[in-house]
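Breakdown of the fold
Residues per chain, in single letters:
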Amino acid sequence: MPDLFRLDGKTALVTGGARGIGEAIVTALLDAGARVFIGDIDPVAGAATAQRLGTGFVAMDVTDSASVDAAVAQVVAEAGALDIAVNNAGIVANKPSEELSDADWRSVLSVNLDGVFYCCRAEGRHMLERGSGCIINTGSMSGHIANHPQPQSAYNAAKAGVIHLTKSLAGEWADRGVRVNSISPGYVGTELTKRGMSNETWRTAWLDSTPMGRVGEPHEIAPAVVFLASAASSFCTGTDLVVDGGYTVW
Ligand SMILES: NC(=O)c1ccc[n+]([C@@H]2O[C@H](COP(=O)([O-])OP(=O)(O)OC[C@H]3O[C@@H](n4cnc5c(N)ncnc54)[C@H](O)[C@@H]3O)[C@@H](O)[C@H]2O)c1
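Residues numbered from 1 in each chain as written. Predicted model: local features only at pLDDT ≥ 70, side-chain atom pairs only at ≥ 80, totals over all residues. Heavy atoms only, no water.

1. Some thoughts on the overall build of the chain
Filter applied, for reference: Note on conventions: DSSP H or I runs of at least 4 residues are helices, E runs of at least 2 residues are strands, and numbering of each starts at the N terminus. Between the two quantities, the radius of gyration covers C-alpha atoms and the globule rule is 2.2 Å times the number of residues to the power 0.38. Residue burial is assigned from relative accessible area. The probe radius is 1.4 Å, only protein chains are included, and a residue is buried under 20% of its type maximum, exposed over 50%, and partly exposed in between. Contacts: residue pairs with any heavy atoms within 4.5 Å of one another. Positive charges come from Lys and Arg alone, negative charges from Asp and Glu alone, with His and the N- and C-terminal ends not counted. For the purpose of locating charges, the reference atoms are NZ of Lys, CZ of Arg, CG of Asp and CD of Glu.
The helix and strand inventory of the chain stands at eight helices and seven strands. For 250 residues, the compact-globule estimate of 2.2 N^0.38 gives 18 Å, and the chain sits close to it at 17 Å. By its C-alpha atoms, the chain is 50 × 40 × 40 Å across when sized along the principal axes. Expressed as a percentage of the 250 residues in the chain, the buried residues total 50%. Put simply, of all contacts in the chain between residues at least 6 apart along the chain, 71% involve residues at least 24 apart. If you average the places of the 18 positive and of the 27 negative side-chain charges in the chain, the two averages end up 2 Å apart.

2. Describing the layout of surface pockets
What counts, and what does not: The method works on a 1 Å grid over the protein atoms by themselves. A cavity is a set of points holding a 1.4 Å probe that cannot get out, a pocket is an open set with protein on both sides within 12 Å along at least five of seven lines, and residues with an atom within 4 Å of a point line them. Grid points are joined across faces, edges and corners, and a volume is the space filled by probe spheres set on the points. Put simply, Ala, Val, Leu, Ile, Met, Phe, Trp, Tyr, Cys and Pro go in the nonpolar bin, Asp, Glu, Lys and Arg in the charged bin, and everything else, Gly too, in the polar bin.
Of the voids in this model, the largest pocket is the one considered here, and its volume is about 910 Å³. Secondary-structure elements contributing two or more residues to the lining of the largest pocket are α1 (20-31), β2 (35-40), α5 (153-173), α6 (191-197) and α7 (200-208). Of the residues contributing to the lining of the largest pocket, the split by class is 18 nonpolar, 19 polar and eight charged.

3. Section: helix α4 (residues 102-130)
Defined as follows: The span expected for a helix works out to 1.5 Å for each residue beyond the first. Here the bend at a residue means the angle between the axes of two seven-residue stretches, the one that ends at it and the one that starts at it.
Taking 1.5 Å of rise per residue, the 29 residues of α4 would be expected to cover 42 Å, and the 40 Å separating its terminal C-alpha atoms lies within 8% of that figure. Residue S110 marks the point of greatest curvature in α4, where the axis turns by about 45°. Once α4 ends, the next one or two residues include G131, with phi positive near 80°.

4. Considerations on the site of the ligand
Basically, it comes down to this: We call a residue near a molecule or strand whenever a single non-hydrogen atom of that residue lies within 4 Å of it. Residues adjacent in sequence count toward polar contacts only when both atoms are side-chain atoms; beyond that, a polar contact is any pair of N or O atoms within 3.5 Å, and within protein one must be able to donate a hydrogen and the other to accept it. Computed with a 1.4 Å probe, the accessible areas rest on the Shrake-Rupley method; for each residue, only the protein chains presented here act as cover. Think of it this way: a molecule belongs to a cavity or pocket when more than half its atoms come within 2 Å of the grid points there.
For the ligand, the set of nearby residues contains 29 residues, the closest of which are R19, D40, Y155, V188 and T190. In this structure, D40 approaches the ligand through a side-chain N or O atom, which is 2.6 Å from an oxygen atom. Protein chains bury 95% of the 840 Å² of accessible surface belonging to the ligand in isolation. According to the grid-proximity analysis, the pocket containing the ligand is the largest pocket. Listing elements by their share of the shell around the ligand, those giving two or more residues are α1, α5 and α6.

5. So, the sheet that holds strand β1 (residues 11-15)
Where we set the bar: What makes two strands pair is DSSP finding at least two bridges between them. For helices, the fitted axis covers only the stretch in contact; all axes are lines through C-alpha atoms, and the angles between them, taken along N-to-C directions, range from 0 to 180 degrees.
Pairing is parallel across the open sheet formed by seven strands, whose spatial order is β3-β2-β1-β4-β5-β6-β7. Every interior strand has two partners, whereas the edge strands, β3 (56-59) and β7 (240-243), have only one. This sheet shows a mean twist of 20° between the axes of neighbouring strands, independent of strand direction. Pairing of β1 with β2, which is carried by five bridges, proceeds in the parallel orientation. In the strand pairing of β2, T11 is matched with R35. In the packing of helix α8 (residues 218-229) onto the sheet, the strands contacted are β4 (84-87), β5 (133-138), β6 (178-185) and β7, and the crossing angle to β6 comes to about 165°.

6. A short note on the nonpolar core
Operational definition: By nonpolar core is meant a set of buried Ala, Val, Leu, Ile, Met, Phe, Trp, Tyr and Cys residues that side-chain atoms within 4.5 Å join together.
Grouped together as the largest cluster of nonpolar side chains are 28 residues, with contacts concentrated most on L7, I25, L29 and I136. Secondary-structure elements contributing two or more residues to this core are β1, α1, β2, β4, β5 and α8. With seven residues, α8 is the largest single contributor of residues to this core. Sequence-distant contacts of L7, defined by excluding residues within four places in its chain, comprise L29, A32, G33, A34, I84, V226, A229 and S230. Core analysis: the second largest hydrophobic core is formed by 26 residues, V58, C120, I135 and L165 among them.

7. A few points about the environment of C134
By the element assignment, C134 lies in strand β5. In this structure the C-alpha to C-alpha distance between C134 and L228, which are 94 residues apart in sequence, comes to 7.7 Å. Among all residues touching C134, those that are not within four sequence positions of it are D83, I84, A85, M127, R179, L228 and A229.

8. A few points about empty space enclosed by the protein
According to the stated counting rule, one finds one cavity of 30 Å³ or more in the structure shown. Computed from the structure, the largest cavity encloses a volume of approximately 30 Å³. Lining the largest cavity, in full, are T15, V62, N87, N88, A89, V111, G115, V116 and C119. When residues of the lining of the largest cavity are assigned to their parent elements, the largest contribution, four residues, is made by α4.

9. Overview of the packing of α4 against α5
We apply this condition: Roughly parallel refers to an angle under 35 degrees, roughly antiparallel to one over 145, roughly perpendicular to one between 65 and 115, and oblique to any angle outside these ranges. Less than a right angle of anticlockwise turn of the near helix away from the far helix marks a crossing as left-handed, whereas a clockwise turn marks it as right-handed.
Relative orientation of the contacting elements α4 and α5 amounts to 15°, with a least axis distance of 8 Å. Between α4 and α5, the angle is such that the two are roughly parallel. Crossing of α4 against α5: the hand is right-handed. Here W105, V108, L109, N112, L113, V116, F117, C120, G124 and L128 of α4 come into contact with α5, specifically with S153, A154, Y155, A157, A158, K159, G161, V162, L165, L169 and W173. Grouping the amino acids of the contact of α4 with α5 by side-chain chemistry returns 16 nonpolar, four polar and one charged.

Here it is as structure tokens:
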């Protein structure tokens, strides 16, 4: 049974792997036996994390499809193939919607939704050619509910898009050996949530709205990705795995 979760001989790329949830995913995939490449827009943090964990690093900006194509090509050239792709890079913006500029909207959608599509497309082309592969996109509970009290309509819309894009690709590629799933974390302690956690009103609302009464740690999200990347989930595609301390229950 435990062997079902092993990833020996597999190569993975994790976008946004320099820190936070991405870094925990990189660590979990390494623990499961995979060879891992970190893909990140931050070359300093990305290279430092890669050196500390003993992985490869590829500088990439997920909002630029040429950069994404080049990163996937680099991993394939170095490792021979890409078996597992975790499209995890993401940003958040908290502004009332009536004050959101076109640029504000675009910046969130371009990383969180365009970026996931560009990655899936590049990874999918390679995987379809080989007839096998697993893609895991990082959605969010924000794709299921609208967070409160902070405004973040662009983020919520993008994450709902990620979950439905995942299902759409899963349907297209299921009969060609490529599985596409997503995870939807609740609040997790990372740079992304630091500002919110230091705001008394936001923190109180977040914890009161979470049945488990706490935020998660990045290492509590990562095993869900190992499951979706491994033979243990061989009959899962188009699945969104919610890991949120119960937030979406209420
Ligand atoms: N932290 C949470 O509470 C939470 C909850 C649900 C979902 N998520 C999602 O999890 C993912 C990881 O979030 P995190 O909390 O670890 O955030 P984080 O800010 O700690 O890490 C995000 C990483 O993405 C990288 N990145 C940003 N823009 C990029 C780009 N254009 N190209 C390549 N890399 C880029 C950053 O350099 C950073 O390393 C995101 O998709 C986020 O939306 C986070």
